[in-house]
Amino acid sequence: MRARHRLRLTVTGIVQGVGFRPFVYSLAQRLQLAGFVLNDSQGVTIEVEGASEALARFRELLQAEAPPLARIASVAVEEVPPRQEAAFVIAHSRRTDERSALVSPDTATCADCLRELFDPADRRYRYPFINCTNCGPRFTIIQDVPYDRDKTTMRLFSMCPACRAEYEDPANRRFHAQPNACPACGPHLQLELWDEEAPLLVARRAGEETPIEQAARLLAQGAILAIKGLGGYHLACDALNAGAVERLRRRKHREARPFALMVPDLETAQRLCLVSEAEAALLQSPRRPIVLLEQRPASPIAAAVAPGYRTLGLMLPYTPLHHLLLHAFAQAVPAGRPPVLVMTSGNLSEEPIAYRDEEARRRLAAIADGMLSHNRVIHIRCDDSVTRLAAGGEQLFRRSRGYVPEPIPLAFEMPCPVLACGGHLKNTFCLGKGRQAVVSHHIGDLENLETLASFREGIRHFQRLFGIVPEAVAYDLHPDYLATRYALDSAIERRIGVQHHHAHIASVLAEHGLSGPVIGIAADGTGYGSDGAIWGCEILLADLRGFERLAHLAYVPLPGGEQAVRQPWRMAAVYLARTYGERFLALDLPFARRLDRSTWRILTQMIARGLNSPLTSSLGRLFDAVAAILGVRDEVCYEGQAAIELEMLASSARPDDQPPYPYAILRSGQGPLQIDVAPLLSALIEDLQRGGELARLARRFHCSLAAMFCDLCQQIRAASGLSQVALSGGVFQNRLLLEELVNELQANGFTVYLNRRVPPNDGGLSLGQLAVAAARLAAESEAVPH
């Protein structure tokens, strides 16, 4: 008789709620192994018993054939005494004090469920909550771990005998699918109309139509509806109906920021936009993000969807409800026209997305004509993720649904559990423990009590879910940021302030498993500097522990503080005055002619007296200045609008071989080099006065910045020998600048690292803060005698 051995395997990672236990059961059955598998608070525990050859094969296939949604982080193996068992079983979940189990992100409807959804013979035909272990809600419904039904918001629904049989059958793909349900026992939809007297909403045929069909008909007639999704409510309308889109803008108080669109399939996306194979794969991935794509000429989409943009943000349906709604909407609109819906966050501008039903009724009634909702509770709000392809890979603008809470692996061990509170705009927080960082869903701009409450709730939920009790807290140096105040007011005693731009570069290092040093270029609109100025164009020598500021854009005043951010003409006047003195008022320029002299006089007095005119080295403000000089935009409705529209203008020009505009370096004692762009602006003005095409001038400005950064990196390499460059900060969401700079650097022998797993904007700050805090805590520990 062959000797029997028994192994205990502790598997960590995303291994709960993704069909991992039935996969293990089937694998053990196939290899004729005995034992058990169960969920616990650390992940999945497996004990397998049998011949040594079968056990070796089991260990090999456990990783090679894991379910598509599983993400195995580690497998710890130990030999234990054989029990002489004859069968392999799936045991009940076990809760322990130590938690390290990870939760799967919400996942788009899989192909099997989609086939059943539209199969008239299937018992879940057109059921808007169909799901299985390979798809459906996870993160947004889970309340605690282990991931069992009684720890999700689905605990309110008792399964019917048919669903219970599927749930308990290890061979069924709905085995222990916690959201499992059907029309007989699961959640259901309802449509509420809030303005039934409006002509728009007449001719109701509720007796003949499902709520989805009725909603589709109303949308086709021009209605605006609030629609409950996975992580909150969307506001939806017909994207080809200019009146409906403009009405949505007015009611939502969103003057110009683009709306996201949902299309039924890839073919419709290709009718509207240019879609590469890689972009198609991103659109169709289980994460189902909003993907930014170049819009085709003569697009039928209403102009008010994305004013001033050459791109559209498209996503495919990711819930059964979405698939059914788009299918019904396609039948409700005229034949031949693309069925496309605006699907924007269900909120007023600057507020967090509504996700509770009563909250949605209260907050969205002034915007929408009605609400398509359901009675499956959302436990935590989660916005759509936004991404695109740039410089040869994915670049996230917002990391949320579909990505969160998948952890980011770290190349170092956290000295202790750490909370990093992130920044003020596009806030995320991050919790770190062991070798993993869990970056939160998108919280938003911390500018009101509602968003601050969402930030606090999110931290509590993540701490409970992942069993992380922080022993140190990291925060931005800006004393007025609400996230910073939260950190300083917390009961956590070990507090670590991290400079904004150092955190940006550290986020890149953490992603790529680097410790540095590297040449770091951090470029954005606003970041509190170590000297109290507003930094934003920083060339750093950086590792995880610290940084040296090697160079920066020469300081200029920011007259009126935040008002200068909202009115780019102020920065244009400041930069022209710096370049020409008051002579700029006499220049033969459209900008000089339209400038209000009396207002400018007041601003010059403010600057001279140092009143509300902080110094800034922001590259974002230089983009604002050039946008105003070229007549793109004097005032903005949202952060970065002028720079984005300048990029759109530049992207419309063909590349040429014009040399870059010049710049100068100012040296001041032993301090960092200062980059003087007066020569650049002077040359730009000369081109403008000679009647140069605005798009070509805008493109040459972008290319000149890329050449300038590359030149500075070459100078630093000559002095330091460093040839690794990390790029981060919101300005590098500018695809033209990013790709020009990456190409320049690589052509000159540099290795370039970018943010790929978190956004380069302030949504990635929390990861960088966490990495810096960990490095400093480790250094402190090493310095203490043992």
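Coordinates for the structure precede this section.
Residues numbered from 1 in each chain as written. Predicted model: local features only at pLDDT ≥ 70, side-chain atom pairs only at ≥ 80, totals over all residues. Heavy atoms only, no water.

(A) Structural context of the overall build of the protein. Each helix and strand in the protein was counted, giving 23 helices and 31 strands. Over its C-alpha atoms the protein spans a radius of gyration of 28 Å, differing by no more than 12% from the 28 Å that the globule rule assigns to 786 residues. Here the C-alpha coordinates of the protein stretch approximately 95 × 80 × 50 Å along the principal axes. Looking at the protein as a whole, 60% of its 786 residues are labelled buried. Relative to all contacts within the protein whose residues are 6 or more apart in sequence, the contacts with residues 24 or more apart total 71%. (Helix = DSSP H or I, 4+ residues; strand = E, 2+ residues; numbered from the N terminus. Rg over C-alpha atoms; globule rule 2.2 N^0.38 Å. Buried < 20%, exposed > 50% of the residue type's maximum accessible area, 1.4 Å probe, protein only. Contact = heavy atoms within 4.5 Å.)

(B) Molecular detail of the packing of aromatic side chains. Tallying each qualifying case throughout the model produces eleven aromatic pairs. The interplanar angle of 75° and the centroid separation of 5.1 Å between the aromatic rings of F623 and F701 together place this pair among those described as edge-to-face. A residue pair is termed long-range when its members are at least 10 positions apart, and F623 in helix 18 (residues 619-629) and F701 in helix 21 (residues 694-720) qualify at 78 residues. In this structure F623 comes out as buried when scored by relative accessible area, which is 2%. Put simply, the rings of F139, F429, F455, F462, F466 and Y486 touch in pairs and so form one group of aromatic residues. (Phe/Tyr/Trp six-rings, centres within 6.5 Å; stacked < 30°, edge-to-face > 60°.)

(C) Structural detail: the sheet that holds strand 3 (residues 43-50). Taken in spatial order, the five strands line up as 4-1-3-2-5 in an open sheet, and their pairing is mixed. The open sheet has two free edges, formed respectively by strand 4 (71-80) and strand 5 (88-90), since each of these has just one partner strand. In this sheet, neighbouring strand axes are inclined to one another by 15° on average, regardless of whether the strands run parallel or antiparallel. Strand direction decides the pairing type here: strand 2 (residues 34-40) and strand 5, joined by three bridges, are parallel. Bridge pairing in strand 5 places V37 opposite I90. (Pairing = 2+ DSSP bridges. Axes fitted to C-alpha atoms, helices over the stretch in contact; angles between N-to-C directions.)

(D) Just empty space enclosed by the protein, in detail. Tallied over the entire structure, the rule returns eight cavities of 30 Å³ or more. Taken as a whole, the largest cavity spans an internal volume of roughly 80 Å³. I130, G136, P137, T319 and P320 are the residues nearest the centre of the largest cavity, which is lined by 13 residues in total. By residue class, the composition of the lining of the largest cavity is seven nonpolar, five polar and one charged. (1 Å grid on protein atoms, 1.4 Å probe; cavity = no way out; pocket = protein on both sides within 12 Å on 5 of 7 lines; lining within 4 Å. Points joined across faces, edges and corners; volume = space filled by probe spheres on them. Nonpolar A, V, L, I, M, F, W, Y, C, P; charged D, E, K, R; others polar.)

(E) How the structure looks around the pattern of salt bridges. Under the definition given, this model contains 47 salt bridges. Between D150 and K151 there is a salt bridge whose closest N-O contact spans 3.6 Å. Its relative accessible area of 52% is what places D150 among the exposed residues. R363 is paired through a salt bridge with E351; the nearest N and O atoms lie 3.2 Å apart. Residue R363 is located in helix 10 (residues 357-364), and its partner E351 is located in the loop between strand 13 (341-345) and helix 10; the two are separated by twelve residues in the primary sequence. Overall, the relative accessible area of 23% leaves E351 in the partly exposed class. Each of R4, R6, R8, E47, E49, E78, R83 and E85 takes part in a single network of salt bridges with overlapping partners. (Salt bridge = Lys/Arg side-chain N within 4 Å of Asp/Glu carboxyl O.)

(F) Examining the side chain of H374 more closely. Mapped onto the elements, H374 comes out in strand 14 (residues 370-374). There is a polar contact of 3.2 Å between the side chain of H374 and the backbone nitrogen of R376. In contact with H374, not counting residues within four places along its chain, are F129, H188, L189, K228, G229, L321 and D357. (Polar contact = N/O pair within 3.5 Å; in protein donor to acceptor, adjacent residues only side chain to side chain.)

(G) Structural detail: the sheet that holds strand 20 (residues 436-439). Taken in spatial order, the six strands line up as 17-20-19-18-21-22 in an open sheet, and their pairing is mixed. The sheet terminates laterally at strand 17 (408-409) and strand 22 (494-498), the two strands that pair on one side only. Helix 23 (residues 765-783) contacts strand 17, strand 18 (418-420), strand 19 (430-433), strand 20, strand 21 (472-476) and strand 22 of the sheet and is inclined by roughly 125° relative to strand 22.

(H) Looking closely at the environment of A783. With respect to the element layout, A783 can be found in helix 23. Sequence separation of A783 and R621 is 162 residues, and the distance between their C-alpha atoms is 42 Å.

(I) Region of the structure containing the packing of helix 15 (residues 568-580) against helix 20 (residues 678-689). Interaxial distance between helix 15 and helix 20 falls to 9 Å at its minimum, and their mutual angle equals 100°. As far as their axial angle goes, helix 20 and helix 15 are roughly perpendicular. Mapping the contact onto sequence places Y575, L576, T579 and Y580 in helix 15 and A678, L681, S682 and I685 in helix 20. Among the residues making up the contact of helix 15 with helix 20, the classes are represented as six nonpolar, two polar and no charged. (Parallel < 35°, antiparallel > 145°, perpendicular 65-115°, else oblique.)

(J) Structural view of the nonpolar core. One finds F20, I46, F58 and F455 to be the most contacted residues of the largest nonpolar core, which totals 99 residues. In contact with F455, other than residues within four places in its own chain, are C421, N427, F429, I443, L446, A483 and Y486. Among the nonpolar cores identified, the runner-up in size contains 81 residues, and M571, L705, F709 and L712 belong to it. (Core = buried A, V, L, I, M, F, W, Y, C linked by side-chain atoms within 4.5 Å.)

(K) Representation of the packing of helix 15 against helix 18. Close contact between helix 15 and helix 18 brings their axes to 7 Å; oriented N to C, the two are set at 90°. Between helix 15 and helix 18, the angle is such that the two are roughly perpendicular. Side by side, helix 15 and helix 18 meet where P568, W569, M571, A572, Y575 and L576 of the first sit next to R621, L622, D624, A625, A628 and I629 of the second. In terms of residue class, the contact of helix 15 with helix 18 is made up of ten nonpolar, no polar and two charged.

(L) Structural context of helix 2 (residues 52-64). End to end, helix 2 covers 19 Å across 13 residues, agreeing with the expected 18 Å (1.5 Å per residue, within 8%). Those residues of helix 2 not exposed but buried are A54, L55, F58, L61 and L62. Looking straight down helix 2, one finds that the buried residues subtend no more than 130° of arc, so they occupy a single side. On its buried face, helix 2 sits against strand 1 (5-14), helix 1 (20-30), strand 3 and strand 4. (Expected span 1.5 Å × (residues − 1). Arc of directions from axis to C-beta.)

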